[in-house]
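Below, each chain spelled out in residue letters.
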Amino acid sequence: MRIIGLTGGIASGKSTVSNLFRSTGFPVVDADVVARDVLKKGSGGWRKVVAAFGEDILQENGEVDRPKLGQIVFTDPSKRQLLNRILAPYISYGILWEVFKLWMKGCKIIILDIPLLFEAKIDRWTKPIIVVWVDPETQLRRLMTRDSTSAQDAQNRIDAQMPLDEKRTKADIVIDNNGSLEDLNESFRKILNQVTKPLTWTEFWLSRQGAIVAFLSIFSGVVGCKKVIARL
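Being a predicted model, the structure only gives us computed values, none of them experimental.

Comments concerning the overall build of the protein chain
- Helix and strand counts for the protein chain come out as eleven helices and five strands.
- Counting all 232 residues of the protein chain, 38% fall into the buried class.
- Put simply, of all contacts in the protein chain between residues at least 6 apart along the chain, 71% involve residues at least 24 apart.
- With the model as given, the accessible surface of the protein chain reaches about 13400 Å², and the carbon-plus-sulfur share is 58%.

Here it is, written out as structure tokens:
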């Protein structure tokens, strides 16, 4: 099984690339969706976050006010680190569970869409790693336009993440998204050959099909040995 790591930065276009993978038929595990699930009212993650940040972060229906919580952690690195420590185990388990379900279905290629791929050390489990990159000026401008926010607020949110230039140095594949949507589509088409090449033997043995073949081989070997021994 090939697990492809997809990451980028806020307003870099990562979600657009993720949707392109979906539209092409690839199964995508979205860490943001998992993170929303672990913060649902009454969940373990919800209880720990409320205990740490107080009930002021809750909406009237008891759900976490995600924009309000985001505003708190984006402006305070210590609180951001606290939130990451609280939710990391829940998110990691949720991602693992989603990958396992896709493994059980026999999927050979899975896309992990994870903004904090490097920060959470999940990059060690993915190959290749795709980084969607834009230059700092483009990232700031797009974020301000997308969220109708001030330059300072937008910059605070960008500064809360690992710089895209640093992520770029850790990538196997870089998608330059400084251009138009048409340019992005063209770049995406070019990388499809790289991500859909035949599985390596290691990737094959990690797939469900590989596990079945391995099991049958071992079973056949055991049965064969028993027959040989019985003849002695």
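Focus: the pairing of strand β5 (residues 173-176)
- Residues I173 and I175 point to one face of β5 and are all buried, whereas V174 and D176, pointing to the other face, are not buried.
- The sheet contact formed by strand β4 (residues 129-133) and β5 spans four bridges and is parallel. The partner of V131 across the bridge, within β5, is V174.

As for the environment of E203
- Residue position: E203 is located in helix α10 (residues 201-206).
- Judged by relative accessible area, E203 falls into the buried class, the value being 12%.
- Residue contacts for E203: discarding those within four places in its chain leaves M1, R2, K127 and P198.

Some thoughts on the packing of helix α4 (residues 66-74) against helix α5 (residues 77-104)
- The geometry of α4 relative to α5 is characterised by a closest axis approach of 6 Å and an angle of 125 degrees between their N-to-C directions. In this view, α4 runs oblique relative to α5, as classed from their interaxial angle. Together, L69, I72, V73 and F74 of α4 and P77, K79, R80 and L83 of α5 make up the contact between the two elements.
- Of the residues in the contact of α4 with α5, the class split is six nonpolar, no polar and two charged.

Remarks on the nonpolar core
- Of all hydrophobic cores here, the largest spans 34 residues; its most connected members are V49, L69, I95 and L112.
- Looking at this core, the elements that each hand over two or more residues are α2 (31-38), α3 (44-53), α4, α5, β3 (109-113) and β4.
- Excluding residues that lie within four positions of it along the chain, L69 makes contacts with L39, V49, F53, I57, V64 and L83.
- The next biggest cluster of nonpolar side chains, apart from the first, holds 18 residues, and it includes I4, I109, I130 and I173.

Comments concerning α2
- Within α2 the residues assigned to the buried category are A31, V34, A35 and V38. The buried residues of α2 occupy an angular sector of 100 degrees when the element is viewed end-on, so they sit on one face.
- Those residues of α2 that are buried are in contact with β2 (28-30), α3, α4, α5 and β3.
- Between the side-chain oxygen of the N-cap and the backbone nitrogen of D32 there are 2.9 Å, and the N-cap of α2 in question is D30.

What about the pairing of strand β1 (residues 2-7)?
- Most of β1 sits out of view: six of its six residues are buried.
- Of the two faces of β1, the one holding R2, I4 and L6 and the one holding I3, G5 and T7 are both buried throughout.
- Both β1 and β3 contribute to a ladder of five bridges, which runs parallel. When the bridges of β3 are listed, R2 appears paired with I109.
- In this sheet, β4 lies alongside β1 in parallel orientation, the contact comprising three bridges. Across the sheet, residue G5 finds its bridge partner in β4, namely I129.

Regarding the side chain of Q139
- Within the fold, Q139 resides in helix α6 (residues 136-147).
- One polar contact links the side chain of Q139 to the main-chain carbonyl oxygen of I10, over a distance of 2.9 Å.
- Ignoring anything within four residues of it in the chain, the contact list for Q139 reads G9, I10, A11, V134, I158 and L164.

A word on the packing of α6 against helix α7 (residues 151-159)
- In contact at an axis separation of 9 Å, α6 and α7 are set at 115 degrees when each is read in the N-to-C sense. Between α6 and α7 lies a crossing whose hand is right-handed. Along the contact surface, α6 presents Q139, L140, L143, M144, R146 and D147, while α7 presents A151, A154, Q155, R157 and I158.
- When the residues that make up the contact of α6 with α7 are grouped by side-chain class, the tally is six nonpolar, two polar and three charged.

Reading the values: rules and limits
- Along each chain, the written sequence defines residue order, and numbers are assigned to residues from 1.
- Reporting in this predicted model follows two pLDDT cut-offs: at least 70 for local features of residues, and 80 or more for side-chain atom pairs to be given and counted; totals over whole chains, interfaces and linings ignore these cut-offs and use all residues.
- Each side-chain value is derived from all of the structure's non-hydrogen atoms; neither hydrogens nor water enter the calculation.
- For the purposes of this entry, the term helix denotes a DSSP run of H or I that reaches at least four residues, the term strand denotes a run of E that reaches at least two, and both are numbered from the N terminus.
- Per-residue accessibility, obtained with a 1.4 Å probe over protein chains only, is compared with the maximum for each type, and a residue is labelled buried under 20%, exposed over 50%, and partly exposed between these values.
- Residues are treated as being in contact if the distance between any of their heavy atoms lies within 4.5 Å.
- Per-residue and other accessible areas were derived by the Shrake-Rupley procedure at a 1.4 Å probe size, with only the shown protein chains allowed to occlude residues.
- When DSSP finds at least two bridges between two strands, those strands are taken to pair.
- For helices, the fitted axis covers only the stretch in contact; all axes are lines through C-alpha atoms, and the angles between them, taken along N-to-C directions, range from 0 to 180 degrees.
- These descriptions rest on fixed angle ranges, namely under 35 degrees for roughly parallel, over 145 for roughly antiparallel, 65 to 115 for roughly perpendicular, and the rest for oblique.
- Three residue categories are used. Nonpolar comprises Ala, Val, Leu, Ile, Met, Phe, Trp, Tyr, Cys and Pro, charged comprises Asp, Glu, Lys and Arg, and polar comprises the others, including Gly.
- To form a nonpolar core, buried Ala, Val, Leu, Ile, Met, Phe, Trp, Tyr and Cys residues must be joined to one another through side-chain atoms within 4.5 Å.
- Each C-beta atom gives one direction from the helix axis, and the arc is the one those directions make.
- N or O atoms closer than or at 3.5 Å make up a polar contact, with two conditions inside protein: a donor-capable atom paired with an acceptor-capable one, and, for residues adjacent in sequence, both atoms drawn from side chains.
- Here is the rule for handedness: rotate from the far helix to the near one, and if that takes an anticlockwise turn smaller than a right angle the crossing is left-handed, while a clockwise turn gives right-handed.

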